[in-house]
Amino acid sequence: QVRLVESGGGLVQPGGSLRLSCSASGTIFSINTTTWYRQAPGKQRELVARITGSGSTNFADSVKGRFTISRDNAEHTVYLQMNNLKPEDTAVYYCNAEGSSWSDGPFDSWGQGTQVTVSS
């Protein structure tokens, strides 16, 4: 079983920065794709950023130029660096990872979410 834990959320003023982490643990053989999603109150969950095993990335239009995504394969951790944050970035941010585990084959796991609040 593969478990994901997000961290790094909090309260920040507009224009500020936060770095979210998504750490995977368990019987991991490989992680193919890790995706950050967010869900604001009353809105649907939306894709924020994605990184593949080869390092390819893509971003929602609303965060391009402000957010970056990176991964540390040795630590099974993916980072979401968020700069120039805006109030509309306020949401619960979730991490999703797809890959393969030694014990159970393919996995598709979600973290518990971390709250990001952008407010003055």
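Residues numbered from 1 in each chain as written. Predicted model: local features only at pLDDT ≥ 70, side-chain atom pairs only at ≥ 80, totals over all residues. Heavy atoms only, no water.

Caption draft 1: A look at the nonpolar core. The biggest cluster of nonpolar side chains holds 29 residues, and the ones touching the most others in it are Trp36, Val48, Phe67, Leu80, Met82 and Tyr93. Only β1 (2-7), β3 (18-26), β4 (28-39), β5 (46-52), β7 (67-72), β8 (77-82), β9 (91-101) and β11 (114-118) provide two or more residues apiece to this core. In this view, Tyr93 contacts Glu6, Leu20, Trp36, Tyr37, Arg38, Val48, Phe67, Leu80, Met82, Gly113, Thr114 and Val116; residues no more than four positions away in its chain are not counted. (Core = buried A, V, L, I, M, F, W, Y, C linked by side-chain atoms within 4.5 Å. Buried < 20%, exposed > 50% of the residue type's maximum accessible area, 1.4 Å probe, protein only. Helix = DSSP H or I, 4+ residues; strand = E, 2+ residues; numbered from the N terminus. Contact = heavy atoms within 4.5 Å.)

Caption draft 2: The arrangement of the sheet that holds β1 in detail. Strand order in the open sheet formed by four strands is β1-β3-β8-β7, with antiparallel pairing between adjacent strands. Because the sheet does not close on itself, it has two edges, and the strands there are β1 and β7. Strand-to-strand twist of the sheet, defined as the mean angle between neighbouring strand axes without regard to direction, takes the value 15 degrees. Of the pairings in the sheet, the one linking β7 to β8 comprises six bridges and is antiparallel in character. By the bridge assignment, Ser70 is partnered in β8 with Tyr79. (Pairing = 2+ DSSP bridges. Axes fitted to C-alpha atoms, helices over the stretch in contact; angles between N-to-C directions.)

Caption draft 3: Seen up close, the pairing of β4. Strand direction decides the pairing type here: β4 and β9, joined by ten bridges, are antiparallel. Residue pairing for β9: Thr33 is matched across the bridge by Glu98. With six bridges joining them, β4 and β5 adopt antiparallel strand pairing. Counted as the bridge partner of Thr33 is Thr52 from β5.

Structural measurements only, silent on function.
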